[in-house]
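Read off the chains here:
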Amino acid sequence: MPGWTRLLRAYGEGERAGYVDFFWRVQSLNFVMNDASSKQTSPRKLIIAIDGPAGAGKSTIASRLARKLGYVNLESGAMYRALALKAIDRDISFDDEAALVKLARGSRIQLEPTIGGNRTLLDGHDVSSRIRERDVTEGASRVSVHPAVREWMVAKQREMGAGGGVVMEGRDIGTKVFPDADLKIFLDADPVVREQRRMQQQKIKGEVAANVAAELRERDRRDRTRAASPLVAAGDAVVIDSTKLSENDVLARVEKLVAEKLPG
Ligand code: DC
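Worth saying up front: this structure is predicted, and the values here are computed from it rather than measured.

Student: Break down the overall build of the protein for me, with residues and values.
Tutor: The number of helices and strands found in the protein is 11 helices and 8 strands. Here the protein holds 264 residues, and 48% of them are scored as buried. Taking all contacts inside the protein whose residues are at least 6 apart in sequence as the whole, residues at least 24 apart take part in 71%. When the accessible surface of the protein is split by element, carbon and sulfur atoms take 53% of a total near 13100 Å².

Student: With reference to specific residues and values, describe the site of the ligand.
Tutor: Around the ligand, 15 residues are found, and the nearest of them are Arg81, Arg150, Arg171, Asp172 and Arg226. Contacts to the ligand include Arg226, whose side-chain N or O atom sits 2.9 Å from an oxygen atom. Here the ligand loses 95% of its free accessible area of 440 Å² to cover by the protein chains. Put simply, the parts of the chain that give the shell around the ligand at least two residues each are helix H4 (76-89) and helix H6 (134-143). When residues in the shell around the ligand are grouped by element, the largest group, 4 residues, is from H4. Grouping the constituent residues of the shell around the ligand by class yields 3 nonpolar, 5 polar and 7 charged.

Student: How would you sum up the packing of helix H3 (residues 58-69) against helix H11 (residues 247-261)? Please name residues and give values.
Tutor: Relative to each other, H3 and H11 sit at 50 degrees, their axes nearing to 10 Å. What the angle tells us is that H3 and H11 run oblique. Read as a crossing pair, H3 and H11 show a hand that is right-handed. When H3 is examined against H11, the residues Thr60, Ile61, Arg64, Leu65, Lys68 and Leu69 are found in contact with a partner set consisting of Glu247, Asn248, Val250, Leu251, Val254, Glu255 and Val258. Looking at the contact of H3 with H11 residue by residue, the classes come out as 7 nonpolar, 2 polar and 4 charged.

Student: Account for the pattern of salt bridges, with residues named and values stated.
Tutor: The full count for this structure, using the stated rule, is 20 salt bridges. For Glu112, the salt bridge identified is with Arg119, shortest N-O distance 2.8 Å. The exposure class of Glu112 is partly exposed, given its relative accessible area of 26%. When the shortest N-O distance is used, the salt bridge between Arg222 and Glu138 registers 3.7 Å. Taken together, the residues Arg222 in helix H10 (residues 206-225) and Glu138 in helix H6 connect sequence positions 84 residues apart. Residues participating in the shared-partner salt-bridge network are Asp95, Glu138, Arg142, Glu218, Arg221 and Arg222.

Student: Lay out the sheet that holds strand E5 (residues 125-126) in plain terms, naming residues and giving numbers.
Tutor: Taken in spatial order, the 3 strands of this open sheet run E3-E4-E5, and their pairing is antiparallel. Each edge of the open sheet is held by one strand with a lone partner, namely strand E3 (109-114) and E5. When strand E4 (residues 117-122) meets E5, the two strands line up antiparallel, connected through 2 bridges. From the neighbouring strand, Leu121 faces E5, where its bridge partner is Asp126.

Student: Give a detailed account of the packing of helix H5 (residues 97-105) against helix H7 (residues 147-161), specifying residues and quantitative values.
Tutor: Two elements in contact, H5 and H7, have axes whose closest approach is 8 Å; the angle formed by their N-to-C orientations is 20 degrees. The orientation of H5 relative to H7 falls into the category roughly parallel. In this structure, the crossing between H5 and H7 has a hand that is right-handed. For the pair H5 and H7, contact is made by Glu97, Leu100, Val101, Ala104 and Arg105 and by Pro147, Ala148, Val149 and Trp152, respectively. Classifying every residue of the contact of H5 with H7 gives 7 nonpolar, no polar and 2 charged.

Student: Which residues make up the nonpolar core, and what values do they have?
Tutor: Leu74, Leu83, Ile109, Val149, Met153 and Phe178 are the most contacted members of the largest nonpolar core, which totals 36 residues. In terms of residue count, H4 provides more of this core than any other element does, 8 residues in total. Residues Ile48, Leu187, Leu251 and Val258 belong to the second largest nonpolar core, which totals 21 residues.

Student: Before we move on, could you go through empty space enclosed by the protein and cite the residues and values that matter?
Tutor: Rolled over the atoms, a probe sized like a water molecule indicates the empty space that remains. With the rule as written, the count across this model stands at 2 cavities of 30 Å³ or more. One number sums up the size of the second largest cavity: a volume of about 30 Å³. Of all the elements in the fold, those that place two or more residues in the lining of the second largest cavity are strand E2 (72-75) and E3. For the lining of the second largest cavity, a count of residues per class yields 3 nonpolar, 2 polar and 2 charged.

Student: Kindly report on the confidence of the model for the protein, identifying the contributing residues and their values.
Tutor: Mean pLDDT for the protein: 85, with 83% of residues reaching 70 or above. In this model residues 1-40 is a low-confidence stretch, pLDDT under 50, and it forms 45 contacts with partners more than four residues away in sequence or in other chains.

Here is what the cut-offs are and how they apply
Residues numbered from 1 in each chain as written. Predicted model: local features only at pLDDT ≥ 70, side-chain atom pairs only at ≥ 80, totals over all residues. Heavy atoms only, no water. Helix = DSSP H or I, 4+ residues; strand = E, 2+ residues; numbered from the N terminus. Buried < 20%, exposed > 50% of the residue type's maximum accessible area, 1.4 Å probe, protein only. Contact = heavy atoms within 4.5 Å. Areas by Shrake-Rupley, 256 points an atom, 1.4 Å probe, with all protein chains shown as cover. Near = heavy atom within 4 Å. Polar contact = N/O pair within 3.5 Å; in protein donor to acceptor, adjacent residues only side chain to side chain. Nonpolar A, V, L, I, M, F, W, Y, C, P; charged D, E, K, R; others polar. Axes fitted to C-alpha atoms, helices over the stretch in contact; angles between N-to-C directions. Parallel < 35°, antiparallel > 145°, perpendicular 65-115°, else oblique. Left-handed = near helix turned anticlockwise from the far one by under 90°. Salt bridge = Lys/Arg side-chain N within 4 Å of Asp/Glu carboxyl O. Pairing = 2+ DSSP bridges. Core = buried A, V, L, I, M, F, W, Y, C linked by side-chain atoms within 4.5 Å. 1 Å grid on protein atoms, 1.4 Å probe; cavity = no way out; pocket = protein on both sides within 12 Å on 5 of 7 lines; lining within 4 Å. Points joined across faces, edges and corners; volume = space filled by probe spheres on them. pLDDT = per-residue confidence, 0-100.

Pasting the structure below:
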């Protein structure tokens, strides 16, 4: 039986399916990276970690940087969001660590880089838009406090980024997922500015905006104070405060740091 057919036959629910998804994903990463490497002067593919709180500009910078380098941009937060969505759909409490881990083990969570941006697939369904909604955003922050959930996520994220050629963003990439990353950026900004950016992004005003800002503050507090892998800059991360910087300024700084890491 040809290898591909064997793999397709293995396709089903749970861990085995997770493995197959991972295999497919590695194939697509290889494809993207091989294509990217032909454009670069050096074949060395870095692991770049970008951590920081919500609204600091991580996603935009990570995706622009990845595009420029021909790397893959992996949003680790989307995985926590996908799990939270499944918990909502299955009526599982965000506080039930054991049930959440079981749920994760039986799930296929795929991050799929596409030309138009990243897609998140949960059990084969495109949930990219749904996971950005408020209930899921809140749930993601709550499911991510559990050490056993994090352990599962971290293991998957390590597999996904192991080959290099990735810009992975999140909260614990430089501290936990890839403590030996080639470059670690911690992107921060004044909390008020971060809230304002969120409002502008979501084009909201008034009471709705005030509620969203309050939720962002609460998520921030939770992410920074949780016992397991709290949001903190790695000792060897380059901290960039984007409060007074434009997106282009931040990108230029990060690109300079990347250039220093690329030999030749
Ligand atoms: O980056 P994001 O807003 O999509 O992340 C959603 C939540 O997931 C966030 O509140 C904290 C959690 N998260 C995490 O704990 N560790 C990561 N590496 C990424 C996200």
